[in-house]
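Examination of the molecular architecture
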Amino acid sequence: MSNPTNKILIRNLTKSYINGKQNVPVLKGINLDVADTFLTLMGPSGSGKSTFLNILSGIDQADSGEVWIGGKNLSNFTEQELTEYRRNETGIIFQFFHLLPYLSALENVALPLYISGLGKSKAREIAKEALEKVDLTHRFKHKPDELSGGEQQRVAIARALAKRPSIVLADEPTGNLDTYHAHKILELLLELQEKEKFSLFIVTHDREIGEKGKVRLKMKDGLILPEQNPALDLV
Ligand code: ADP
């Protein structure tokens, strides 16, 4: 069921990169108006999916256009507000997990909580709870290279969810896993979503995962295609 806090409204979003002396347009005027809890985005390599996700997650900023998420206009945010949004509202999951290799699973999950101002023992307590939710109680002390790919992604999911984000953005979260573990990770994300009520936005190459989205978006050449994109009826 749609809920206004899940609303993503995008108006004429553009983003270019400078390559040498050339300006290379990557997002070419995206419009989108969706309000659902589980979105998937598919499309060929280089079509702009990660760039778009990075803008939704506050990692990057657009050149022009508007990005509204849950009633907040990210396009008007200062650098500080964007950092707070990223820190407090979003959970981000990457294909290659991005865990710190010299820290244990528990420390990887606790560190961002500690950095955002929680005391050490509170951060560890919340990190333990988060690792319990992803069934890694028996792996607290393991370093990333002592964990399987699926387990490393579970640690990354625990890290993303520990701060109770309202939106979880995942860029090819299963891209580095075999089919069995890929589907286990999706199952886990959907199970956690059911309990914790965040909205989930997944960029994926995996057609089976892509087709599970309640809203299924497709990107090509820096634009989101009209299929299932009501915003394009308005422009
Ligand atoms: P996708 O996720 O669909 O594979 P990306 O958003 O990663 O696409 O990239 C879209 C295009 O933007 C690609 O041509 C890529 O080379 C270019 N690009 C992405 N990030 C940068 C960057 N930081 N600097 C220059 N070009 C970039």
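This text gives an overview of the structure that appears in the document. Values in this document were obtained by computation on a predicted structure and should not be read as measured data.

Below, the discussion takes up the pattern of salt bridges. Side chains that carry opposite charge are capable of pairing whenever their charged atoms lie near each other. Evaluated as defined, the whole model comprises nine salt bridges. Close ionic contact of lysine 122 with glutamate 125 constitutes a salt bridge, the shortest N to O distance being 3.5 Å. Taken as a pair, lysine 122 and glutamate 125 lie in helix H4 (residues 120-133) at a separation of three residues, close to a single helical turn. According to the relative accessible area criterion, lysine 122 is partly exposed, its value standing at 39%. Between lysine 195 and glutamate 191 there is a salt bridge whose closest N-O contact spans 3.9 Å. One end of the pair is lysine 195 and the other is glutamate 191, both in helix H6 (residues 179-196) and four residues apart, which spans about a single turn. Under the relative-accessibility criterion, lysine 195 is labelled exposed at 56%. Taking relative accessible area as the criterion, glutamate 191 reaches 41% and is therefore assigned partly exposed. Each member of the salt-bridge network shares a partner with another, and the members are Lys133, Arg164 and Glu196.

Further remarks concern the pairing of strand E6 (residues 90-94). Where burial is concerned, most of E6 is hidden: four out of the five residues are buried. Bridging between E6 and strand E7 (residues 167-171) involves five bridges; their strand directions are parallel. Residue pairing for E7: threonine 90 is matched across the bridge by isoleucine 167.

Attention shifts here to a positive patch on the surface. Together, Lys120, Arg124, Lys128 and Lys141 make up a region of like positive charge exposed at the surface. In this structure, arginine 124 sits in helix H4. Arginine 124 gets classed as partly exposed once you look at its relative accessible area, which sits at 39%.

Moving on, we come to the sheet that holds strand E2 (residues 22-35). Within the open sheet, the four strands sit side by side as E2-E1-E4-E5. Their pairing is antiparallel. Strands with a single pairing partner mark the edges of an open sheet, and in this sheet they are E2 and strand E5 (72-73). With 11 bridges joining them, strand E1 (residues 7-19) and E2 adopt antiparallel strand pairing. Along E2, the bridge assignment pairs tyrosine 17 with valine 24. Relative to the sheet, helix H1 (residues 49-56) contacts E1, E2 and strand E4 (64-69), its axis offset from that of E1 by approximately 120 degrees.

Enumeration according to the criterion identifies two aromatic pairs in this entry. Ring centres 6.2 Å apart and planes at 65 degrees place the aromatic pair phenylalanine 52 and phenylalanine 201 in the edge-to-face group. Residue phenylalanine 52 is located in helix H1, and its partner phenylalanine 201 is located in strand E8 (residues 199-203); the two are separated by 149 residues in the primary sequence. Ring geometry for phenylalanine 77 versus tyrosine 85: centroids 6.2 Å apart, planes at 65 degrees, classification edge-to-face. One exposure class covers both phenylalanine 77 and tyrosine 85, and it is buried.

Moving on, we come to the nonpolar core. Generally speaking, a soluble globular protein has its nonpolar side chains buried in company with each other. Membership of the largest hydrophobic core comes to 38 residues, with the highest contact counts inside it found for Val109, Leu131, Val134, Val155, Ile157 and Ile202. Broken down by secondary-structure element, the contributors of at least two residues to this core are helix H3 (105-115), H4, helix H5 (149-161), E7, H6 and E8. The residues touching valine 109, leaving out its near neighbours within four places in the chain, are Ala127, Ala130, Leu131, Val155, Ala158, Arg159 and Ala162. Counting residues in hydrophobic clusters, the runner-up holds 28 residues, among them Val67, Phe77, Ile167 and Leu169.

Rules behind the numbers
- Residues numbered from 1 in each chain as written.
- Predicted model: local features only at pLDDT ≥ 70, side-chain atom pairs only at ≥ 80, totals over all residues.
- Heavy atoms only, no water.
- Salt bridge = Lys/Arg side-chain N within 4 Å of Asp/Glu carboxyl O.
- Helix = DSSP H or I, 4+ residues; strand = E, 2+ residues; numbered from the N terminus.
- Buried < 20%, exposed > 50% of the residue type's maximum accessible area, 1.4 Å probe, protein only.
- Pairing = 2+ DSSP bridges.
- Patch = residues over 30% accessible without salt bridge, like charges linked within 9 Å, V, L, I, M, F, W, Y side chains within 5 Å.
- Areas by Shrake-Rupley, 256 points an atom, 1.4 Å probe, with all protein chains shown as cover.
- Lys, Arg positive; Asp, Glu negative; His and termini not counted.
- Charge placed at Lys NZ, Arg CZ, Asp CG, Glu CD.
- Contact = heavy atoms within 4.5 Å.
- Axes fitted to C-alpha atoms, helices over the stretch in contact; angles between N-to-C directions.
- Phe/Tyr/Trp six-rings, centres within 6.5 Å; stacked < 30°, edge-to-face > 60°.
- Core = buried A, V, L, I, M, F, W, Y, C linked by side-chain atoms within 4.5 Å.

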